[in-house]
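# Observations on chain architecture
If you want the building blocks of each chain, they are given just below.
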Amino acid sequence: MADGNPWFERRSHCPACGSTRFTELFRSPYCESPIRQYLVDFYEPQGKVEFEYLEGADYILCECGSCGLVFQRDIPGDELMERLYEHWIVPVKREKRDGLAVSARYAQEIMQIIAYFERPPSSLSFLDFGMGWGQWALMAKAFGCESYGTDLSLERIRHAESIGLDTVDWNEIPSRSFDLINTEQVFEHLARPLDTLRYLRRALTDDGLIKISVPKADDIHRRLKRMDWKAPKGSRNSLNPVAPLEHINLFRRSALLAMGAAAGLEEVRIPARLQYRFATNWGGSRQIARNLMLPVYRNLLKRQNYIFFRKARVAAEAAA
Ligand SMILES: [Zn+2]
């Protein structure tokens, strides 16, 4: 509970690294503008917003003094989460709007991962954690990998099963064993990201990888100064990376690494040569520039919020 509103939970420590050293960046009531107007603009086109769940609650943005995570302090509890993701956002299948570029990107990423393992695809087992409509898992299956998906949404699980995907229940995860656990745009939504990462680690093979890909906004202080809640997603001033109720964690690279370390994981890089070898979409000068620069951003400049983790070796080697 947070300040008398029963639908919210209050976070008492940084959900990425566990530190209690954090400061408040911004606070504003949900039922007053600008947040109220933002919620109307954001949810009405895709469903609705029920303000009765938000009365008396504040949108509170904090920043961890230890790992740099920017996070919402009061977050929807389980029931409000369910209202939000299953009722405010009407779960409609949106893949029709996804073009060839999306499939090409999935294929490219999956090829790079398979190449990293240097094993036949049929010997690899992948889990897409937060699979959405299952497109990524389906692509991994097309390459011959054992491919599983999981999602909170029953609608999506039913859909996955209808297109021939195997699904895994949350409770089953620790008893399973995966070479790769994919999380694409998932960790920014999680109430307890460190706990979830520790949980997923239990389902990892000794050489297995967990991929975390999350939104990025290292200039969040500048964006908060502009405070333009109408700035479109993806634009320079967009506040979507800290979208109220949904993007409850905004990771800096330092926060991802701190969370990984706290979960007994270390970063591993897919070699740039493999990233180049399996880059697929060379249509147009923009795409060519992107293909050429992306491995540099990832491996050398470390700019992307796109990280692969494996079980930490340092402690094991020191003990040996
Ligand atoms: Zn932290």
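Preceding this paragraph is the structure being described.
Cut-off values and rules
- Residues numbered from 1 in each chain as written.
- Predicted model: local features only at pLDDT ≥ 70, side-chain atom pairs only at ≥ 80, totals over all residues.
- Pairing = 2+ DSSP bridges.
- Helix = DSSP H or I, 4+ residues; strand = E, 2+ residues; numbered from the N terminus.
- Buried ≥ 20, exposed ≤ 12 C-beta atoms within 10 Å, placed from the backbone.
- Contact = placed C-beta atoms within 7 Å.
- Axes fitted to C-alpha atoms, helices over the stretch in contact; angles between N-to-C directions.
- Parallel < 35°, antiparallel > 145°, perpendicular 65-115°, else oblique.
- Left-handed = near helix turned anticlockwise from the far one by under 90°.

## Looking at the sheet that holds strand β4 (residues 70–72)
Backbone hydrogen bonds hold the strands of a sheet together, and the pairing may be parallel or antiparallel. With antiparallel pairing, the four strands of this open sheet are ordered in space as β2-β3-β4-β11. Every interior strand has two partners, whereas the edge strands, β2 (22–29) and β11 (249–250), have only one. With seven bridges connecting them, β2 and strand β3 (residues 58–64) associate as antiparallel partners. Across the sheet, Ser-28 pairs through a bridge with Tyr-59, a residue of β3.

## Thoughts on the environment of Ser-147
Inspection of the secondary structure puts Ser-147 in strand β7 (residues 146–150). On the neighbour-count criterion, Ser-147 (27 C-beta atoms within 10 Å) is buried. Sequence-wise, Ser-147 and Leu-165 are 18 residues apart; in three dimensions their C-alpha atoms are separated by 7.2 Å. Not counting residues up to four positions away in its chain, the partners in contact with Ser-147 are Phe-126, Ala-137, Ala-140, Lys-141 and Leu-165.

## Things to note about unusual backbone geometry
Between Ser-33 and the following residue, Pro-34, the backbone shows a cis peptide bond with an omega angle of 10°. For Pro-34, the location among the structural elements is in the loop between β2 and α1 (35–43). A positive phi is found at Glu-118, a non-glycine position, where the angle reads about 55°. Along the chain, Glu-118 falls in the loop between α3 (100–117) and β6 (125–129).

## Some thoughts on the packing of α3 against helix α4 (residues 135–142)
The N-to-C vectors of α3 and α4 enclose an angle of 55°; their axes lie 10 Å apart at closest approach. Judged by the inter-axis angle, α3 sits oblique to α4. α4 is crossed by α3, and the crossing has right-handed handedness. Mapping the contact onto sequence places Ser-103, Tyr-106, Ala-107 and Ile-110 in α3 and Gln-135, Trp-136, Met-139 and Ala-140 in α4.

## Remarks on the sheet that holds strand β8 (residues 166–167)
Spatially, seven strands are ordered β8-β7-β6-β9-β10-β13-β12 in an open sheet, and the strand pairing comes out mixed. Two strands close off the open sheet at either side, each with one partner strand: β8 and β12 (265–268). Bridge count between strand β10 (residues 204–213) and strand β13 (residues 306–311): four bridges; the pairing is antiparallel. Note on β13: the bridge partner recorded for Ile-210 is Phe-309.

## With respect to the environment of Ala-104
Here Ala-104 is to be found in helix α3. Take Ala-104: there are 16 C-beta atoms within 10 Å of it, and that puts it in the partly exposed class. As for Ala-104 and Met-139, which are separated by 35 residues in sequence, their C-alpha atoms are 9.7 Å apart.

## Quick look at the environment of Phe-187
Note on placement: Phe-187 falls in the loop between β9 (178–184) and α6 (193–201). Look at Phe-187 and you get buried, because 25 C-beta atoms sit within 10 Å. Note: C-alpha distance between Phe-187 and Ser-177 (10 residues apart in sequence) is 21 Å.

## A closer look at α4
Every α-helical turn comprises 3.6 residues, leaving residues that sit three or four positions apart pointing alike. Buried residues of α4: Trp-136, Ala-137, Met-139, Ala-140 and Lys-141, and no others. Buried residues belonging to α4 abut α3, β6, β7 and β9. Positive backbone phi, approximately 100°, marks Gly-144, located one or two places after α4.

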